[in-house]
Structures are given as structure tokens and as C-alpha cells.
Amino acid sequence: MTKAKAQRSAQSGELHSEQHAPGFSKSAAFICVSSSFAAVLAVSWHFMGRESKSEIALRARIAALENVLVHREQRIAQLQEACSRDSSGPDASLKAAAGIAAAMSADCNVVHEISLHSVAPAEFRPLNLTYGLPSTVRCPIVIRGAVTFCQGSKLAQSWTWNRVRRAGPQRQVTFDVSAEPGLTYWNNVTMLAELVKLRGLRTQNFKTVTTRIDRFVDAIESVDDEYGPFVRYGAPLRKFSASMADELKTAHTSISTHDAAGPLGRLAPLLPDNFGEREITLFLAAAGVTSTAHYDNSANMHMLLSGRKRFRLRKPLLALDTLVTWPDTHPNARQLQTPVAPDDVTFTTVELEAGDGLFVPAGWIHEVTALERSIALSLLAPNFEYGDFERFGTQDRLQMIPFLARLRGTFDPVRLSKVFKVFVVSLLARLEMPELMRTLLRMYSAETRAEFGMPPAATWPFGCHAADASDAAIVREGAEVVALRFLKYHATLRPRYVTVYLENILGVMASFLDLPTKEATYAAWLDFATACLIIPPSP
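Computed from a predicted model, the values in this text were never measured in an experiment.

Okay, the pairing of strand S14 (residues 374-382) next. Burial of S14 is extensive: 9 of the 9 residues sit out of reach of the surface. Going residue by residue along S14, you find Ser 374, Ala 376, Ser 378, Leu 380 and Pro 382 tucked away on one face and Ile 375, Leu 377, Leu 379 and Ala 381 tucked away on the opposite face as well. With 7 bridges connecting them, strand S7 (residues 279-285) and S14 associate as antiparallel partners. Considered in S14, the bridge of Leu 282 is made with Leu 377. Where strand S9 (residues 298-306) meets S14, 8 bridges bridge the pair, whose relative direction is antiparallel. Directly across from Ser 306, in S14, lies its bridge partner Ile 375.

Shown next, in the form of C-alpha cells:
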């Protein structure tokens, strides 16, 4: 910036996006005017002695706006102080590179934080990256100034709520509305979701609404009395607005890329070769909305374009963890069965400002709260484990139970019990996860079984006898083949995929029993696992 231009900017109170995170470009004068306006309205309402429903909503909205602007004024002062400190580009890029290198560690005891506010895009290569975060990053990273670094500041500034109102060419949007702040995702396509819906013992805690996009934005802004107060949208960006998806993909960048994330792809997790277009999720949330604690199967770079958010993060769940998720067959799959306690020290809390990014590795538990109404993008990329497990269940499905084709003779329930016991026990011993079956059975608690409409737990009628020597040898060879495949998976993700694998193969075993319903079939393998697969703890 020239000296003359700097003087003109100072006179006009202008704050430049090159120096400040997007979303903090309002002058202090505007804050003062807004505060005075709120005070005048408050006095007026006091003397009127009567408030309509719309006036109450407007008053609450103005008060919230006043709080937001005060916070932004404080944030501007922090950013000005940070920019005034001596922080040369090369030093900053070396610090950022060191932070990313630390996040590649397998032992993630802390959430790493780096700042790219003073790192120019031309210094991208010193970060030892070509385009995107490598798949070897396994720890969360808070990236301050991620949007500006990715040359997405103009895009972030243009994607205001007025721009959201003009999203197109779609004219309507389907979104979630709840009377409580914590919204639990509900997946209607899991294996036994229909059974849960039929029983009605557990239902989704929000309703789904389809209406005009402008009415949706009104609900986000708390001026529409019909919806709210807790409103969110979370679905593919292109589904919400094809025009906004095109704007992102074609936004200015100095890197030649076909990534749907456009310039933001600089810090997105790398896509596997020949994967196709990246999945991008748009999140729009009213202040206070919380997405309950869950994990994702894909790595995720969460880019906050406006507002503020709080994340509570925890390492992936391991065998015999104190926390447990619902099973993958349940509509609440991948989410914790119990709320996160406020004093749970196993969770780390981080807050994002507009313009920040947060890399959440696959498998990491995260609870997300919008502290202000917010616009955010999640840039997703499946990792090796996800792609390989998908192939395991489709192209390579005959290898899932490799011993069945080699065993001669007929399969009665007693023989099935013998060989599957040898297989599962051998597999878990080879993977050094002998207690994983206990965790799986905790997922299918008595309460969860009732939600599925399963019969109560019963005695397994076919015994847990030792397999014949010839059968046992073949089965153990099959267990070794499967174990070698899972040993290629990262240690933090292995329990997750082995658990789903066990659900599948034990369901196959129970299908040989030719029971009349899904409920009875699942209850049968749970009874078998309880009787034959729980290894007593070591003395």
C-alpha cells in the first residue's frame, strides 16, 4: 500500500482484507452508531409499555447484533496488534511448516495451531506441500487466516447473507428446525433405520422443512416466527446453490486446478488419485445450533467464512473406550450415545473466527457449536482406509469370509458356531484387539436392541464348542489374510473398520439360521457373540 493510499484509508476508517481476516471489516464508527440505535429502541419500547411478537424478535436480533459487533471490535484490535508485530514471511512459513510436520505425528496429544496471516501465497512451497494437506496428517490443525492465505478473501466477503438469499437457480431449500440447540443427525438409509422408525422409541429431535430460500435466511436471522429458533443447513454446496458452487470452483487462484474447492483447495486434504470431484458441504447455522458429538469417515477441512464457531475435539475411539457410539445399523450411527460432559478433560476446545480453518482428521470426535450465525464449507477427502474398506465390501466381498469356500461339507448351527468363534478370536488376537467385541456389544445395549424391536437377549442354544482340527487350521489361515489387510490401516482408525466388519460377517453367519425377520437375525448373532466371543479379562 502506498503512503498516500494509507493516509486515505486512515481518514475513511477503511480496514483492508489483506491485513485482516474476512468478516471483520466494519469500522468502529459503525459499532458506536449501532449501539446508540439499540439504546434508542430500548427506551422507545420501555415507554410504549407494549411489545408485539415481531418487536420482541427484532429487539433480540438487535441485541445479538450489538454483541457481535462488540466482539468484532475487540477482534479488530487483536488483529491490528498482531499485524504490527515483527513477523517476516519466511519465519512465519517455517513456523507453519513445523506445525504441519508436528501434526503428521501418530501421537496427537495436542491440537496444533498455525497462523498464515503473514505468509504470502508465494511462500506456499516452503510449507513442503504441493497442493493440499497430505494424507499423512493425522492430527487436528487450527489454521488462522486460512481463507485469506488461499486467496479466498474476496469470495468470503461476497458470500454475505444477502448473497445466500439470492442463491440459485434453486428457489427452495430443505433444512432442519429444532426447539433445542443440540441437533442429532438422523440417517434414514442405515441397515436397520426403518425398524427404529417403526418402533418409535427413538426419533429425530428436529423437523425438516422445505420453503423459499429467503424464508430460510429469515429463520437463521431470527425474524421469522414460524421457524426456529435453532435452524441449520448441512448438505452439498451444489445442492443448495449451483451458482455458488460455480463461483467457488472458478474463484481467482494462482494455482491451476480443477478442484471444486477452487482456491480453498490449497489447504484441503488431498484427494486420492482418479477420485473425481471433491465433495463440498455447505453449513449454514443460526447462533446456538450445536451438532452433537460424532466422527466422520473422511478427512475434513472446515473453512469458516463468517461468524464464530466452537469445536470440542477428541481422539478416535479405541477398544474399551469410556465413550461409545451407536452401531452403524442405527440411524444415529457415528454419534456418541451420551452427551459430552462439560468437564470432560478428554476433549480439547478450540474457537474459530471468520477466515479460520480447522482440519479434522477422519475418525476424530467433534462437537460443533455456532457461537454466531455462520457460513462455513467442509472440504472432504476420503482416505486410504475408507476407499479400501469400500472395495472390501463390494469388489472383494468374497474375501470377507475367506474360509467359507474352502470348508467341505454342510453348515449346521453347531459347526457355524465353532468356525466363527475360531475366526473372530484369531482375528482379534492377531490385531491385538481382543476386547473389541465387548465394545461392539456395548453399542447394542438393551435399550438399543429395544429401539430396533429385537427380542431380549437369550441363551445361545448351539454351544461354543471347539472346532475340528482341520476346520480350525483353514479358519485361522483366513483370519491371517483378513488381519493383514486391516494391519495396513492406521492404528487410530483400525478399531472403527474392524467393528463394522464384525457386524457384517456375524450378520452373514446368522443369516444361515434362516430366521423369519431382520430383528431375529441380528438378535441371534448378538446372542452368539455374548456367549462365545467375550474373552475374560486377564487376571
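Moving on, there is more to tell.
This part takes up the sheet that holds strand S1 (residues 112-115). Strands sit in the order S1-S2-S12-S9-S14-S7-S6-S3-S5 across an open sheet of 9 strands; the sheet is mixed. Edge positions in the open sheet fall to S1 and strand S5 (207-212), since each of these has one partner strand only. Going from strand to strand, the sheet's axes swing by 25° on average, the running direction of each strand aside. With 4 bridges joining them, S1 and strand S2 (residues 141-144) adopt parallel strand pairing. In the strand pairing of S2, Ile 114 is matched with Ile 143.

Following Gly 168, the chain continues into Pro 169 via a peptide bond in cis, with omega recorded as 5°. A positive phi angle, near 75°, is found at Arg 334, a position not held by glycine. Examined against the element boundaries, Arg 334 turns out to sit in the loop between strand S10 (309-314) and strand S11 (348-352). Taking the relative accessible area as the measure of exposure, Arg 334 reaches 26% and is therefore partly exposed. Positioned with a positive phi, Asp 514 is a non-glycine residue whose angle comes to about 55°. Structurally, the position occupied by Asp 514 is in the loop between helix H17 (494-511) and helix H18 (518-532).

Calculation notes
- Residues numbered from 1 in each chain as written.
- Predicted model: local features only at pLDDT ≥ 70, side-chain atom pairs only at ≥ 80, totals over all residues.
- Heavy atoms only, no water.
- Buried < 20%, exposed > 50% of the residue type's maximum accessible area, 1.4 Å probe, protein only.
- Helix = DSSP H or I, 4+ residues; strand = E, 2+ residues; numbered from the N terminus.
- Pairing = 2+ DSSP bridges.
- Axes fitted to C-alpha atoms, helices over the stretch in contact; angles between N-to-C directions.

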